[in-house]
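# Coordinate inspection notes
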Amino acid sequence: MARIPLVGPPTRFLATRAIGVGTATWGVVLDAVVSEGVIEQTVDRLLSNGVIDRVSDRVLAGPELGRAIDRLLDDPRFDAIAARVLERTIDRLLAEGVVERVADRLLSGPELDRIIDRALDRDRIEVIVTRVLEHPATERLVARVVDSPSFERLVLDIARSRTVDRLLDYVLASEELDRVVKQIAESDEVRSALTAQSMGLADEVADQLRARTTAADDVLERFARSVIRRRR
Amino acid sequence: MNSSQPPRYGGLVTRFVAFVMDAAILTVIAFLIVGSVSLALSVFGKSISDLPTWVNLLFGIVGAVLLDTAYFVGSWCLTGKTAGQHVMRIRVERDGLRGRISVWRGIIRLAAGVLAAIPLFAGYLPILFDDRRRGFLDWMAGTVVVFDDRQKIVLGTPVQREIALERQQLQSPTRR
């Protein structure tokens, strides 16, 4: 009796179809989520109930995050999949203005400060961040995302948004910026650079003047001597 | 620059531009001195115009002579060049000898320079014809004005200094 191979054309066909169906389903779900404002509602609900606070505590405290990140980063298919998912997600989020609304909500609420404070208070976050940053997969992923047109569109949209204007106004009006500018302006490096630049300019002007007067010396002498020769 | 190479002599235009700079510096110094004296007199309720004419003339002439002598002779004797000559990168030295001139020679040179200017600056015209670009004042004092190619460029960043040195070497005109 002939044995039916477990991995053969029928199995590959089924797997291909399954991936196609999965991708299409993901697109439909993403459309629904974006169009119905589900993301904003979910974010609001999660932030107001403190769920994100508790989840972040749990995740940061346990070893699972580190292991999961390691496994994910070591997977050879990770960067291709992550880049594709990121690109498509960014496109959808940008098209619906979700990014701007979520950023507004996060910036206006106190939750972001709390989460950042809590995360930064733990030593483990440093270990995780260091491991992620030093992993070669991160470098590849960043390079791929940065080169993608979606990322460019995202940056441009963020730059054009009113949130950036407000953030910029806030930074420009802050006393910290005044202190930073004052410190830079009073630094020895800036002063010596300005002095060197001014002196360099003065040197250049003097060089030009010298070159012209030297040439004028020769011209005047030739003229005077030719006049004398003519009279003789 | 190699010291065995013949020196390049400063021409009339270069020396004139250097002199104009020196004149500007002296004018500023004189203005500051007169302003200071005027302020000091104002404390006593007086002004310079209240002084007799002969006093003004005396102090003006003596002051100008002293200031010019101190500035020119002092510069030539101490550094070999005035501020204007420093900018134009020329210096005064004894004819045939490298080195600064003495005070006495400096005084003669200054006096001869004034005398050379009296007949419509005719005493400076020989600079155009002399092989070593000497004027009446140089003949009298036994001096020459040479380009100071050895003058260090100390201003600017290291890169700017390097560029300036290269440019200086490229722009050096044919030696006379």
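These numbers were taken from a predicted model, which means no experiment stands behind them.

For the rest of this paragraph, the subject is the overall build of chain B. In terms of helices and strands, chain B carries six helices and two strands. Shown N-terminal to C-terminal, the secondary structure of chain B runs as helices and strands in the order α-α-α-β-α-α-β-α. Residues counted as buried form 34% of the 176 residues belonging to chain B. For chain B, the share of sequence-separated contacts (at least 6 apart) that also reach a separation of at least 24 residues comes to 68%.

Below, the discussion takes up the nonpolar core. Counting 15 residues, the largest nonpolar core has Phe72, Trp76, Met88, Ile90, Val92 and Leu110 of chain B as the members making the most contacts within it. Going through the elements one at a time, helix 1 (12-43), helix 2 (53-78), strand 1 (90-94) and strand 2 (143-147) of chain B are the ones with two or more residues in this core. Sort the elements by how many residues they give to this core and helix 2 of chain B lands first, with five residues. If sequence neighbours within four positions are ignored, Ile90 of chain B has contacts with Gly10, Thr14, Arg15, Ala18, Lys81, Gln85, Val145, Val146, Phe147 and Asp148 of chain B. Counting residues in each nonpolar core, the second largest holds nine residues, with Ile69, Leu73, Ala83 and Val145 of chain A among its members.

Turning next to a nonpolar patch on the surface. Residue and element names in this part refer to chain B. Side chains of Trp54, Leu58, Phe59, Val62 and Leu66 sit close together on the surface and give an oily, nonpolar patch of about 590 Å² of accessible area. Tracing the backbone through its elements, the reader meets Val62 in helix 2. By relative accessible area, Val62 is classed as partly exposed at 39%.

Rules of the game
Residues numbered from 1 in each chain as written. Chains lettered and ligands numbered in written order. Predicted model: local features only at pLDDT ≥ 70, side-chain atom pairs only at ≥ 80, totals over all residues. Heavy atoms only, no water. Helix = DSSP H or I, 4+ residues; strand = E, 2+ residues; numbered from the N terminus. Buried < 20%, exposed > 50% of the residue type's maximum accessible area, 1.4 Å probe, protein only. Contact = heavy atoms within 4.5 Å. Core = buried A, V, L, I, M, F, W, Y, C linked by side-chain atoms within 4.5 Å. Patch = residues over 30% accessible without salt bridge, like charges linked within 9 Å, V, L, I, M, F, W, Y side chains within 5 Å. Areas by Shrake-Rupley, 256 points an atom, 1.4 Å probe, with all protein chains shown as cover. Salt bridge = Lys/Arg side-chain N within 4 Å of Asp/Glu carboxyl O.

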